[in-house]
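Below, each chain spelled out in residue letters.
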Amino acid sequence: MPRSTGKIALPTMTPGTQRSIVYYRYGKAGARPKAYLQAAIHANELPGAMALHYLMPMLEAAERGGRMRGEVIVVPTVNPIGLSQLAGNNHLGRYDFLGRENFNRNWLDLSEAVAERAGRRLGRDAQRNVAMVRRAALAALADMNPVNELQTLRVEVMKRSIDADIVLDLHCDQEAALHLFISRADWPGPAQALAADIGSEATLYNDPFPEALTFSGVNGALWARLAARFPEVAIPQACLSATIEYRGQHDVNHRLGASDAANLYRHLVRRGIVAGRAGALPKLRAEATPIAGMDVGYAPKTGVVVYDVPRGARVRKGAVVCEIIDPLDPRGPKARTPVRSQTDGVLFSRRLDGRLAWPGAVLFRIAGAKPLEHRKGMSGLDD
Ligand SMILES: [Zn+2]
């Protein structure tokens, strides 16, 4: 068994119902380094849960064999609210029904609260500062009084993640190659080793950190925000926080689950959290590229989408990535509107063939190295 099992009870929102979040701790509470892994905050993205399904027995074997050096917290499915969103024989899970917000937005930026609590005591000793910032962040969370279910979920989950050395938020796309969202502050450094270990085919960095308050964003950006606010003191980037996109929603199977878990486990060994030999770092599959270089293809009109390029393919600027077919237009090929790449790069994400598009719908994303004028100031993730 894991060292301990935890259950976070969320407040009852309607009579006769209550939800909770289950998590597992491997290694001793407080041991370092600490890793925090969660899956399915977008509750209909389950490849990460499959990877954790395979990872948990591996961690349990490490625990039994006395090989846990640090602490690992695993939250196999972090969002029971989204998991319950069954509607018309479909599972939804991306947006909260109550407030209609995306479950991976509006996480808590604690930098202001930490600055107030600990700002004056920060000094030149980086390790001391790290401990102080973590204590202040946990104290700020302890002082919060969330009212509803989703607010409570955010506060309680961040109590488990905010003091970690590594935070991995496991997501997926509709149809995608394995890709990774990180912060510039972590590249090359620890993010490069993570990208190599998990086999990332496209790694995109926010520079210096994501403005959108995503879960992985707020955990990592705490350090970068404080470092920017207190340039005279030593504040290292003490947490590698990343969003791993485990391909597409349908990429849930034993083969991928087992290999993704093995790769995560090897990374935990490499970081010294589990004892063992990680071996040589696998060859990096792609250099990191800036979010500002990410081409996002938007639908110019409605119609049926058909792709000309498979996920993971390299494309050239000007290449037709997909076509939108107007089913009401009888002119055959003239009823097709091509949508082209605006950069050279890797087509790491797209929708499924045959989906309906509407004006402004995101059709694909391409990781390019050159910042694009039309993408400047855009955030990394679109809803
Ligand atoms: Zn997601």
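Bear in mind that the values here come from a model prediction, so they are computed numbers and not experimental data. (Residues numbered from 1 in each chain as written. Predicted model: local features only at pLDDT ≥ 70, side-chain atom pairs only at ≥ 80, totals over all residues. Heavy atoms only, no water.)

(A) Up close: the coordination of the zinc ion. Every protein donor of the zinc ion is listed here as His42 (ND1), Glu45 (OE), Glu45 (OE) and His171 (ND1), and their distances to the metal cover 2.0 to 2.5 Å. Expressed as a motif, the donor residue spacing for the zinc ion is H-x2-E-x125-H. Taken together, the residues His42 in the loop between strand 3 (34-39) and helix 1 (47-64) and His171 in strand 7 (residues 166-173) connect sequence positions 129 residues apart. On the basis of relative accessibility, which here comes to 2%, the residue His171 falls in the buried class. (Donors = N, O, S within 2.8 Å, 3.2 Å for Na, K, Ca; no water. Helix = DSSP H or I, 4+ residues; strand = E, 2+ residues; numbered from the N terminus. Buried < 20%, exposed > 50% of the residue type's maximum accessible area, 1.4 Å probe, protein only.)

(B) Broad picture of the sheet that holds strand 19 (residues 356-357). Strand order in the open sheet made by the four strands is 17-16-14-19, with antiparallel pairing throughout. The open sheet terminates on both sides in strands that have one partner only, identified here as strand 17 (336-340) and strand 19. Both strand 16 (residues 320-325) and strand 17 contribute to a ladder of five bridges, which runs antiparallel. By the bridge assignment for strand 17, Val320 is matched with Arg340. (Pairing = 2+ DSSP bridges.)

(C) The packing of aromatic side chains, seen in detail. Tallied over the full model, the rule gives two aromatic pairs. Where Tyr36 meets Phe215, the ring centres are 5.8 Å apart and the plane angle is 50°; that geometry is what we call tilted. Taken together, the residues span a long stretch of sequence, with Tyr36 in strand 3 and Phe215 in helix 7 (residues 215-229) at a distance of 179 residues. We note that Tyr36, like Phe215, is buried. With 4.8 Å between their ring centres and 70° between their planes, Trp107 and Phe215 make a pair best called edge-to-face. Within this pair, whereas Trp107 is found in the loop between strand 6 (90-91) and helix 3 (111-118), its partner Phe215 is found in helix 7, the two being separated by 108 residues in sequence. We classify Trp107 as buried; its relative accessible area is 2%. (Phe/Tyr/Trp six-rings, centres within 6.5 Å; stacked < 30°, edge-to-face > 60°.)

(D) Quick peek at the state of the cysteines. Taken as a whole and judged by the stated rule, the model has zero disulfides. Cys172 carries a free sulfur, and the closest cysteine sulfur to it, the one in Cys322, is 20 Å from it. Accessibility expressed as a relative area gives 0% for Cys322, which makes it buried. (Disulfide = S-S within 2.5 Å.)

(E) Just the pattern of salt bridges, in detail. Counting across every chain of the model gives 25 salt bridges. Among the salt bridges present, the one from Arg117 reaches Asp143, with a minimum N-O distance of 2.6 Å. With Arg117 in helix 3 and Asp143 in the loop between helix 4 (126-142) and helix 5 (149-161), this residue pair connects regions lying 26 residues apart in the sequence. Arg134 is the partner of Asp165 in a salt bridge, and the nearest nitrogen-oxygen pair spans 3.1 Å. Of this pair, Asp165 sits in the loop between helix 5 and strand 7 while Arg134 sits in helix 4, and the two are 31 residues apart along the sequence. Neither Asp165 nor Arg134 differs from the other in exposure class; each is buried. A network of salt bridges, in which partner residues are shared, links Arg32, Lys34, Arg134, Asp163 and Asp165. (Salt bridge = Lys/Arg side-chain N within 4 Å of Asp/Glu carboxyl O.)

(F) Expanded view of helix 5. With 13 residues, helix 5 extends 18 Å from end C-alpha to end C-alpha; this agrees with the ideal 18 Å at 1.5 Å per step. The buried fraction of helix 5 amounts to eleven of the 13 residues, a majority that puts the element mostly inside the structure. The residue sitting at the N-terminus of helix 5 and contributing the capping side-chain oxygen is Asn148; that oxygen lies 3.1 Å from the backbone nitrogen of Leu150. (Expected span 1.5 Å × (residues − 1). Polar contact = N/O pair within 3.5 Å; in protein donor to acceptor, adjacent residues only side chain to side chain.)

(G) Region of interest: helix 3. When helix 3 is considered as a whole, its buried residues turn out to be Ser111, Val114, Ala115 and Ala118. Seen along its axis, helix 3 keeps its buried residues to an arc of 100°; they face one direction. Of the surrounding secondary structure, the elements contacted by the buried residues of helix 3 are helix 4 and helix 7. (Arc of directions from axis to C-beta. Contact = heavy atoms within 4.5 Å.)

(H) Local environment of the packing of helix 1 against helix 8 (residues 254-270). Contact geometry for helix 1 and helix 8: axes closest at 7 Å, N-to-C directions at 45°. Here helix 1 lies oblique to helix 8, going by the angle between them. Helix 1 and helix 8 meet at a crossing whose hand is right-handed. When helix 1 is examined against helix 8, the residues Met50, Ala51, Tyr54, Leu55, Met58, Leu59 and Ala62 are found in contact with a partner set consisting of His254, Gly257, Ala258, Asp260, Ala261, Ala262, Leu264, Tyr265 and Leu268. Its residues assigned to classes, the contact of helix 1 with helix 8 shows 13 nonpolar, two polar and one charged. (Axes fitted to C-alpha atoms, helices over the stretch in contact; angles between N-to-C directions. Parallel < 35°, antiparallel > 145°, perpendicular 65-115°, else oblique. Left-handed = near helix turned anticlockwise from the far one by under 90°. Nonpolar A, V, L, I, M, F, W, Y, C, P; charged D, E, K, R; others polar.)

(I) The arrangement of the packing of helix 6 (residues 189-198) against helix 8 in detail. Running from N to C, helix 6 and helix 8 point in directions that differ by 145°, and their axes come no closer than 8 Å. Note that helix 6 runs across helix 8; the crossing there is right-handed. Within the contact between the two elements, helix 6 uses Pro190, Ala193, Leu194, Asp197 and Ile198 and helix 8 uses Asn263, Leu264, Arg266, His267 and Arg270. Across the contact of helix 6 with helix 8, the residue classes break down as five nonpolar, two polar and three charged.

(J) Expanded view of the pairing of strand 10 (residues 202-206). The element strand 10 is extensively covered by neighbouring structure, given that five of its five residues are classed as buried. Neither face of strand 10 is exposed, since Ala202, Leu204 and Asn206 on one face and Thr203 and Tyr205 on the opposite face are all buried. Where strand 9 (residues 179-183) and strand 10 come together, five bridges link them in parallel fashion. If you follow Phe181 over to strand 10, its bridge partner there is Leu204. One ladder, built from three bridges, connects strand 10 with strand 12 (residues 288-290); its direction is parallel. Note that in strand 12 the partner of Thr203 across the bridge is Ala288.

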